[in-house]
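# Tertiary structure, described
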Amino acid sequence: MLAIVDYGVGNLFSLKSSLAAIGVEALVTGDPEEIRKADRIILPGVGALGDAAEKLCAGGLDKVVKDEAAKGKPLLGICLGMQLLFDEGEEYGNHRCLGLIPGKVVSMKPVIPEGYKVPHIGWNRLIFPEDRPKSPLFKYVSEGDCVYFVHSYYASECGPYVIADTEYGARLTAAAAKGNVYGCQFHPEKSGKVGLSILKAFCELKSGEEAGI
Amino acid sequence: MITKRIIPCLDVKDGRVVKGVNFKGLSDVSSPVELGRYYSENGADELVFYDITASAEGRALFTDILTEVARTIFIPLTVGGGINTIDDFDRVLKCGADKVSVNSGAIRNPGLISEAAKKYGDQCVVLSVDAKREGGRFCVYAKGGRENTGMDAIEWIKKGISLGAGEIVLNSIDTDGVKKGFDLEMLKAVCDISPVPVIASGGAGSIEDFITLFKEIPEVDAGLAASIFHFGEVAIPDLKKALAEAGINVR
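In this text, all values refer to a predicted model and were calculated from it rather than measured experimentally.

Cut-off values and rules
- Residues numbered from 1 in each chain as written.
- Chains lettered and ligands numbered in written order.
- Predicted model: local features only at pLDDT ≥ 70, side-chain atom pairs only at ≥ 80, totals over all residues.
- Pairing = 2+ DSSP bridges.
- Helix = DSSP H or I, 4+ residues; strand = E, 2+ residues; numbered from the N terminus.
- Axes fitted to C-alpha atoms, helices over the stretch in contact; angles between N-to-C directions.
- Buried ≥ 20, exposed ≤ 12 C-beta atoms within 10 Å, placed from the backbone.
- Contact = placed C-beta atoms within 7 Å.
- Nonpolar A, V, L, I, M, F, W, Y, C, P; charged D, E, K, R; others polar.
- Core = buried A, V, L, I, M, F, W, Y, C linked by C-beta atoms within 7 Å.
- pLDDT = per-residue confidence, 0-100.
- Right-handed = clockwise from strand over helix to strand, strands pointing away.

## Focus on the sheet that holds strand β11 (residues 162-167) of chain A
All names here are of chain A.
- With mixed pairing, seven strands are arranged side by side in an open sheet as β2-β1-β3-β4-β13-β12-β11. Two strands close off the open sheet at either side, each with one partner strand: β2 (26-29) and β11. On average, each strand axis in the sheet is inclined to that of its neighbour by 20°, with strand direction left out of account.

This is the structure:
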């Protein structure tokens, strides 16, 4: 069973439906026991980072997610859920995050050229790092395939853990991984067939399997 | 680099797509679910469902249909039509919409934009504007283009963005339905002042019109159209191919 962590941010309907479309039954839950029982976990999220971090911690779910990740369970953070995986984030103040992947979530404004609109909304291409093997998360995906992004902040200082970038006047982290912990800045559940194939690859990961880094 | 988006818009009344379509291979050409799936599998980058129902029964049907569409389609879904309150946002978002488009409801109550942006994020709020030339400026029309509000479109869009609108759909009443191309002059004027994505609507009649749009105004993020897609005059895969050949970055 896959658990989608429900901590009161964002609409989880599309995510559940997209998993159903690839034949994976998912439980949307905020119950620590259910999350502990699951064999893999998705941490979703839209909205503001501080608010999300607060809500996740308020329910004690931060600890549950960290414990389960430490056991080697595959964990996938999506969009804001991905940003929560890093050490800290700076959206409207500085916020401690889960610290599961080294890095820091910062505004893209200082790094992208003038005239580029923020948020970065739309379909953009995946670029894989040249010096590392392709992540198992992308085993059904080719470089240059498009996925759907909606974000204003991005994960920086996570160099060795980047498994895909995208180009928006600057290189922005599109996905990162450390061990069994994965994060996608884009929305696989809104990225058509490419996105579904990424979810499928995540659901096929074995517990404790290395992320190819 | 981010790709230019192509967005078909479907008008739904009492749970059915109005202005039937003309596609082979669809068993039910006015089913929003079938049409949505068709477009999403054929290169559409996003879908807009516009509820033109007037009755409460029709609205309930729309909500059911929307849930079904969201269950089967895995590309971004925008919903518009009859969005007047934060409860309307809530209703369509719960059914699986990703963005909500406001028009007359925001003209009556601009606070709706800020309230929704605060609750759901800027990226969720799309400000749709119907505008028409009037004495040397662009005027905002309400109620589906039937009523001149007297408001200046550029000022209204600036205000909408400052209130939290995350995207603008600009529909030119002057070019709408004429099929001789998008309103480049009006779009340029809006792109010049908009820090958020602008979606062009009204006037597309051919593939060339989209090429002209993205070549002439590189700041435009997306092109939206209805009938030319529905009647098969322009097939989205052909449009995408032609755009790519013209050097425009598409998915």
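## Considering the sheet that holds strand β6 (residues 95-96) of chain A
Residues and elements named next belong to chain A.
- Ordered in space as β6-β5-β7-β10, the four strands form an open sheet in which the pairing is mixed. On the outer flanks of this sheet lie β6 and β10 (153-156), each paired with one strand and no other.
- As defined by bridge partners, strand β7 (residues 104-107) adjoins β10 across four bridges and the pair is classed as antiparallel. Bridge assignment links Lys 104 to a residue of β10, and that residue is Ser 156.

## Concerning the environment of A:His151
Residue and element names in this part refer to chain A.
- Looking at where His 151 falls in the secondary structure, it is placed in strand β9 (residues 146-151).
- The exposure class of His 151 is buried, given the 22 C-beta atoms found within 10 Å.
- Between the C-alpha atom of His 151 and that of Gly 72, which follows or precedes it by 79 residues, the distance is 28 Å.

## Focus on the interface of chain A and chain B
- At the junction of the two partners, chain A supplies 25 residues and chain B supplies 23 residues.
- For the side of chain A that touches chain B, the secondary structure elements donating two or more residues are α1 (13-21), β8 (120-125), β9 and α6 (192-204) of chain A.
- Of the residues that constitute the side of chain A that touches chain B, the class distribution is 11 nonpolar, 10 polar and four charged.

## Concerning the nonpolar core
- Counting 78 residues, the largest nonpolar core has B:Val100 and B:Ile168 as its most contacted members.
- Formed by 71 residues, the second largest nonpolar core is a distinct cluster that contains A:Val65, A:Ala69, A:Leu84 and A:Ala164.

## Examining the confidence of the model for chain B
- Residues with a pLDDT of 70 or more make up 96% of chain B, whose mean pLDDT is 92.
- This complex was scored by the predictor with a pTM of 0.93 and an ipTM of 0.90.

## Quick notes on the pairing of strand β10 (residues 198-201) of chain B
All names here are of chain B.
- Along β10, one buried face is formed by Val 198 and Ala 200 and the opposite face, lined by Ile 199 and Ser 201, is buried too.
- With respect to chirality, the unit in which strand β9 (residues 167-172) leads through helix α7 (residues 184-193) into the neighbouring parallel β10 is right-handed.
- Two elements, β10 and strand β11 (residues 222-225), share three bridges in a ladder whose sense is parallel. Considered in β11, the bridge of Ser 201 is made with Leu 224.
- In this fold, β10 hands off to helix α8 (residues 207-216), which returns the chain to β11; that crossover is right-handed.

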